[in-house]
Amino acid sequence: MYSPPERLLLGPGPSNAAPTVLQAMNSPLIGHLDPDFIKMMEEIKTMLRKVFKTENEMTFPISATGSAGMETCLVNLIEPGDKVVVGVNGVFGMRMCDVAERCGAEVVKIEAEWGNIIEASALETTIKTYSPKLVAIVHAETSTGALTPIEEISRITQNAGALLLLDTVTSLGGCQVAIDEWGVDAVYSGTQKCLSCPPGLAPVSFSPRAMEVISNRKTKVQSWYLDINFLANYWGSERVYHHTAPISMNYALHEALRLVIDEGLETRWSRHKQAHETLKNGLAKLGLSITSQEGHQLWQLNAVSVPEGTDEAKVREQLLNEFGIEVGAGLGPLKGKIWRIGLMGHNATDENAELFLEALGKCLA
Ligand SMILES: *Cc1c(COP(=O)(O)O)cnc(C)c1O
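Fair warning: this is a prediction, and the values are worked out from it, not measured in the lab.

Student: Please explain the nonpolar core as it appears in this structure.
Tutor: Generally speaking, soluble globular proteins have nonpolar side chains that are buried together. Counting 96 residues, the largest nonpolar core has Leu74, Met96, Leu123, Ile137, Leu165 and Phe206 as the members making the most contacts within it. Broken down by element, this core gets its largest block of residues, 9 residues, from helix 2 (residues 35–52). With residues near it in sequence (within four places) discarded, leucine 165 still touches Cys73, Leu74, Met96, Leu134, Val135, Ala136, Ile137, Ala186, Val187 and Tyr188. Leu8, Val315, Trp339 and Ala353 belong to the second largest nonpolar core, which has 23 residues in total.

Structural data, given as structure tokens:
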């Protein structure tokens, strides 16, 4: 049997799964149409609604990773020729543009410097000029460590009669996400970031307004696997066979959500804030700083400045080999300039922040 090394995963994901989540995956398999499994699927849907803070009936996990959640939202909402405005301030905004273009959308990008947020004011003029069908925003940009506020963007989007799509892959379970209060129409997430579950499922939720738009499509959804109409019959009361849900991953998500709800959303968010502050204070003592926009820095993913003259790849290598700690590198324009330090879900503790700081101090000495 393959035996992986022990790692403390403080990168951009996956984060370490909570021990009981891994334990849940060891449970015996049952059939995906077994009444007991169906009961568990219902519990997952109920818990997901609590964590997303939504009443949306159409809330369930896609059997694939976060990117498939992104693709599910875009393929179902977009028909060829539709206008879509995408906020691009990092890798995942770029990915949304690529997927939307493949759906045949006319994509208009609102760009911000990597590390900064998408400003509502920058969106407003574009939305007024183009009258898009959909506005797509990454809430927590894992590639840069910036958290874009959603309330004002949502107000502008709603006033323009457009739908709002939100990427919450890194925000869900780590900081406030409030789908109904914010008027978000479609949202996706992933299991391996602040939910502390292995990668493999992508929770999604669609508002009644989004479902109406989908039901009025003139063209077929171009993906068979991600067609929400089929998935609704599988996850809904009909339980029509569509694909075989990854049984053990669903056990894992069930346990991960149970842990989130048991801890309490607010308590969990404060724990992430606390770990981030401990990290930030310790970094200052090392003469380092967090490079993302002041006032909008993510707690769960910290973009840390690489000191002048330091070989950033060597430090990452040493952290991994000597200390068993994985951290992430910078991407795109931030390549070589930052390390990405994740304090996500189960890993968001003062203890882990201090472990990292001590190891980094030794690497830099
Ligand atoms: C990780 C991530 C994704 C992609 O998820 P995968 O599970 O890697 O497919 C999408 N958006 C954001 C913001 C992410 O952090």
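Student: Looking at this structure, I do not really get helix 12 (residues 350–364). What am I missing?
Tutor: In this model, helix 12 (15 residues) spans 21 Å end to end at C-alpha, consistent with the 21 Å of a helix rising 1.5 Å per residue. Within helix 12, the full set of buried residues consists of Asn352, Ala353, Phe356, Leu357, Ala359, Leu360 and Cys363. Where the residues of helix 12 are buried, they touch strand 1 (8–9), helix 10 (265–285), helix 11 (312–323), strand 12 (325–326) and strand 14 (338–342).

Student: How should I be thinking about the packing of aromatic side chains in this particular structure?
Tutor: How two aromatic rings sit relative to each other is set out by the distance from centre to centre and by the angle between their planes. On inspection of all chains with the given rule, the structure shows 4 aromatic pairs. Seen in terms of ring centroids, phenylalanine 60 and tryptophan 235 are 5.9 Å apart; in terms of plane orientation they differ by 10°. Their pairing is stacked. Linking phenylalanine 60 in strand 2 (residues 58–62) with tryptophan 235 in helix 8 (residues 228–235), this pair joins segments that are 175 residues apart in sequence. We classify phenylalanine 60 as buried; its relative accessible area is 1%. Each residue in the set Phe60, Tyr234 and Trp235 is aromatic and connected to the rest through ring pairs, giving one cluster.

Student: I would appreciate a short explanation of the side chain of serine 292 in the present structure.
Tutor: Among the structural elements, serine 292 can be located in the loop between helix 10 and strand 11 (301–305). Among the polar contacts listed, one links the side chain of serine 292 to the backbone oxygen of glycine 145, at a separation of 3.0 Å. Those residues within four positions of serine 292 in sequence are excluded, and the remaining contacts are Gly115, Thr144, Gly145, Ala146, Gln297 and Ala303.

Student: What exactly am I supposed to notice about the pattern of salt bridges here?
Tutor: If charged atoms from side chains of opposite charge come close, those side chains can pair. This model, assessed by the stated rule, comprises 15 salt bridges. Taking the shortest distance from any N to any O, the salt bridge between glutamate 42 and arginine 239 comes out at 2.4 Å. One end of the pair, glutamate 42, is in helix 2; the other, arginine 239, is in the loop between helix 8 and helix 9 (247–263), with 197 residues separating them in the sequence. One salt bridge in this structure joins arginine 102 and aspartate 98, with 2.8 Å as the shortest N-O distance. Of this pair, arginine 102 and aspartate 98 both sit in helix 4 (residues 91–102), 4 residues apart, which is roughly one turn of the helix.

Student: Got a minute to help me understand the site of the ligand in this structure?
Tutor: Residues in contact with the ligand amount to 13 residues; listed here are only the nearest, Thr65, Ser67, Thr142, Asp167 and Lys193. Here glycine 66 contributes a backbone N or O atom positioned 3.0 Å from an oxygen atom of the ligand. Side-chain polar atom of lysine 193 to an oxygen atom of the ligand: 2.7 Å apart, as the coordinates give it. Across the complex, the protein chains shield 90% of the 380 Å² of accessible surface that the ligand would expose by itself. In terms of residue class, the shell around the ligand is built from 4 nonpolar, 6 polar and 3 charged.

Calculation notes
- Residues numbered from 1 in each chain as written.
- Predicted model: local features only at pLDDT ≥ 70, side-chain atom pairs only at ≥ 80, totals over all residues.
- Heavy atoms only, no water.
- Core = buried A, V, L, I, M, F, W, Y, C linked by side-chain atoms within 4.5 Å.
- Buried < 20%, exposed > 50% of the residue type's maximum accessible area, 1.4 Å probe, protein only.
- Helix = DSSP H or I, 4+ residues; strand = E, 2+ residues; numbered from the N terminus.
- Contact = heavy atoms within 4.5 Å.
- Expected span 1.5 Å × (residues − 1).
- Phe/Tyr/Trp six-rings, centres within 6.5 Å; stacked < 30°, edge-to-face > 60°.
- Polar contact = N/O pair within 3.5 Å; in protein donor to acceptor, adjacent residues only side chain to side chain.
- Salt bridge = Lys/Arg side-chain N within 4 Å of Asp/Glu carboxyl O.
- Near = heavy atom within 4 Å.
- Areas by Shrake-Rupley, 256 points an atom, 1.4 Å probe, with all protein chains shown as cover.
- Nonpolar A, V, L, I, M, F, W, Y, C, P; charged D, E, K, R; others polar.

Purely spatial values, then, with no claim about function.
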